[in-house]
Amino acid sequence: MSQARLASCLPLPLDQKVLVNVIEKAKDWALMHGVGMRDRKNFTKDSIQIAPFVLLPSPFPRTEFTKAVELQPVLNELMHKVAHDDDFLEHTLQNALQVDEFTANLYDIWVKVRNEGIAQSVSLGLFRSDYLMQHPDGNRIKQVEFNTIASSFGAITSHLPAMSRYILRQLGHGDMIKNMPENRALSGLCSGITDAYDLFGVPTAIVLFVVEEVSYNICDQRFHEFEISETRPEIQIYRKTLNEIYEETELNDKKQLVLDGRPVAVVYYRSGYEPAQYPSNREWEARLRVERSTAIKCPSISYQLAGTKKVQQALAAPGALERFVRGAASVRVRDIFTGLYALDFDDSGERAVDMAIADAERFVLKPQREGGGNNVYGAEVRDALLRMRHSRERAAYILMERILPPLVQGYVVRPGAPVPPPVVDLVSELGIFGVIIGTKDKIYSNKQVGHMLRTKLADANEGGVAAGLGALDSPYLLDM
Ligand SMILES: Nc1ncnc2c1ncn2[C@@H]1O[C@H](COP(=O)(O)OP(=O)(O)OP(=O)(O)O)[C@@H](O)[C@H]1O
Ligand SMILES: [Mg+2]
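All figures in this text were calculated on a predicted structure; none of them were measured in a lab.

Conventions and cut-offs
- Counting starts from 1 at the beginning of each chain's written sequence and moves along it residue by residue.
- Here chains are named by letter from A upward and ligands by number from 1 upward, in the order in which they appear as written.
- Whole-chain, interface and lining totals are the exception, using all residues; otherwise, since this is a predicted model, local features are given only for residues with pLDDT of at least 70 and side-chain atom pairs are given and counted only at 80 or more.
- Excluded from the side-chain calculation are hydrogens and water; included are all heavy atoms of the structure.
- Going along the chain from the N terminus, every DSSP run of H or I of four or more residues is numbered as a helix, and every run of E of two or more is numbered as a strand.
- By the criterion applied in these results, polar contacts are pairs of N or O atoms within 3.5 Å in which, for protein atoms, one can donate a hydrogen and the other can accept it, and in which residues neighboring in sequence qualify only through two side-chain atoms.
- Contacts are assigned to residue pairs with any non-hydrogen atoms lying within 4.5 Å of each other.
- Consider each residue's heavy atoms; a residue with any of them within 4 Å of a molecule or strand counts as near.
- Only N, O and S atoms count as donors, using a 2.8 Å cut-off from the metal and 3.2 Å for Na, K and Ca, and because water is excluded some sites may appear unfinished.
- The classification of residues rests on relative accessible area computed with a 1.4 Å probe and restricted to protein chains. Under 20% of the type maximum is buried, over 50% is exposed, and intermediate values are partly exposed.
- For our purposes a nonpolar core is just a set of buried Ala, Val, Leu, Ile, Met, Phe, Trp, Tyr and Cys residues, chained together by side-chain atoms within 4.5 Å.
- The split into domains, and so the bounds of each, comes from an automatic or database assignment of domains.
- In what follows, salt bridge is the name for a side-chain nitrogen of Lys or Arg lying within 4 Å of a carboxyl oxygen of Asp or Glu.

### Topic: the side chain of lysine 240
Then comes step 1: Tracing the backbone through its elements, the reader meets lysine 240 in strand E8 (residues 237-240).
Then comes step 2: Looking at lysine 240, its side chain comes within polar contact range of the side chain of glutamate 248, at 2.8 Å.
Then comes step 3: Sequence-distant contacts of lysine 240, defined by excluding residues within four places in its chain, comprise Leu208, Phe209, Val210, Val211, Ile245, Glu248 and Leu259.

Next up, the structure:
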């Protein structure tokens, strides 16, 4: 696969001595401002280490960045409408449910709670829409996916422009700072939580973060707590695992979720998006209890279902998107879609299977999963499809055209890695954060709140930062 390049913001390599010196400063800046994570190998709550980061901000075309920013409220509203269209969700997820137990469990909760009568009609979305530039298409952005649950790195990446500015100044290039957009994702995301809290309207209520047993990405979560504690000192935040929620909460006669004797106003999930986070029935019971309650969920179970890959694929089918977004806006949204195909047992499903087997490198195969590391790439797409061709299992996947982003040279700084690092080929993925609060009939708030850039080695399929593959970055806007 030959991929063209964008020039790095400064000519590389940097002088060796300068490089070693600036990396030392940058690492300390990162540690002292919480651009950090817990060490997976030697876990201790007493220390954090630097999160992997890219030393110099990576180039990104200004027009495409602006396009993504401007589209975010349109996409927020699209997902909000999808989540409230019961027929569309039912129809779209039907085949995947038969073979994907995790999605089926979420779906069952959704159906059960609707049948009982929804206790809280307001939902809170803290979303992130992810993009790669499609190099063969003039570096125009294409949507990788839309995250509706536990969209991470809004907090840490809010600090990154300041870090990049510091680094550029140390290198004598303070003038370049003007090309780096501000990032207020943290305050924007937190305002979503506090606005939802105010809508709940109970002064004694608390906010509940649903967390993993061990939070490696602790900075990204704690910054939300610190920010809310500064802006709204009266709001208490609790962190609980699903198992603790099972043990420590109850529903009172008003269907309030009660923890420590106080009603929960907002439940913010930073866990609960993958099967391993539900090791027993207790976690599913906890999820159901929360869903039954009057707490405002971030996300509601219908938002979570709307964020499945299957829905993304269904929206790309002719006429589907246009059911939710009309006129010029639908043209703008369609423009960011890349080829997406269902693998159902019908004519178009068979055609998609044939097409991918014939030209596997052009595609990515995706199951209904979040959290990274689940997709199938390259020659393995062919192997997987040959294996699943006659099995119902294949309906749990979607097929997506592989996006080919431009390469850019850079330095990745990782904890424990030798300094100075080599110059490597990288590709960047832009995420735009959005906040939406509303009911089926009324939207109270809908905005774009910030961005993140994460960058990975050009030959890595995926770039999860928490998974140790990607590195935090910030965009250096180019007028091309
Ligand atoms: N169509 C594609 N073309 C090229 N790369 C892709 C494509 N789809 C996904 N990827 C790569 O794989 C990564 C993971 O894919 P995706 O975001 O769909 O999965 P996920 O499990 O939901 O990830 P996340 O944890 O970021 O939510 C992306 O960040 C991107 O680097
Ligand atoms: Mg995702």
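### Let's talk about the site of ligand 1
Then comes step 1: Taken together, the neighbourhood of ligand 1 is formed by 23 residues, with Glu145, Lys309, Lys366, Tyr377 and Glu429 sitting nearest.
Then comes step 2: Between ligand 1 and glutamate 370 there is a distance of 2.9 Å, counted from an oxygen atom to a side-chain nitrogen or oxygen.
Then comes step 3: Measuring from a nitrogen atom of ligand 1, one finds a backbone N or O atom of glutamate 401 at 2.9 Å.
Then comes step 4: Those elements giving two or more residues to the shell around ligand 1 turn out to be strand E5 (123-134), strand E6 (140-147), strand E14 (363-367), strand E16 (397-401) and strand E20 (443-457).
Then comes step 5: Residue contributions to the shell around ligand 1 peak at 3 residues, all from E6.

### With respect to the coordination of the magnesium ion (ligand 2)
Then comes step 1: For the magnesium ion (ligand 2), the protein coordination sphere consists of Glu145 (OE), Glu145 (OE), Asn147 (OD1) and Glu370 (OE), at 1.9 to 2.5 Å.
Then comes step 2: Read from N- to C-terminus, the donor residues coordinating the magnesium ion (ligand 2) fall into the pattern E-x1-N-x222-E. One end of the pair, asparagine 147, is in strand E6; the other, glutamate 370, is in the loop between E14 and strand E15 (376-377), with 223 residues separating them in the sequence.
Then comes step 3: Looking at glutamate 370, the relative accessible area reads 13%, which means it is buried.

### So, the nonpolar core
One recurring pattern in soluble globular proteins: nonpolar side chains tend to sit buried together.
Then comes step 1: Among the nonpolar cores identified, the biggest contains 79 residues, and Leu78, Val82, Val267 and Leu315 are the most heavily contacted of them.
Then comes step 2: Per-element tally for this core: the top contributor is helix H2 (residues 62-83), with 10 residues.
Then comes step 3: Both domains that furnish three or more residues to this core are identified here as domain 1 (16-338 + 403-478) and domain 2 (339-402).
Then comes step 4: When residues no more than four places from it in sequence are discounted, the contact partners of leucine 315 are Leu78, Met79, Val82, Phe88, Ala320, Leu321, Phe324, Arg334 and Phe337.
Then comes step 5: Counting 63 residues, the second largest nonpolar core, distinct from the first, contains Ala26, Leu126, Ala205 and Tyr476.

### Regarding the pattern of salt bridges
Then comes step 1: Tallied over the full model, the rule gives 34 salt bridges.
Then comes step 2: A salt bridge links aspartate 130 to arginine 128; its shortest N-O distance comes to 2.7 Å.
Then comes step 3: Judged by its relative accessible area of 0%, aspartate 130 is buried.
Then comes step 4: Looking at arginine 128, the relative accessible area reads 4%, which means it is buried.
Then comes step 5: Residue glutamate 248 is joined to lysine 240 by a salt bridge in which the shortest nitrogen-to-oxygen separation is 2.8 Å.
Then comes step 6: Among the residues examined, lysine 240 registers a relative accessible area of 15% and is labelled buried.
Then comes step 7: Taken together, the salt bridges that share partners define one network made up of Glu64, Lys67, Asp137, Arg140, Lys142 and Asp335.

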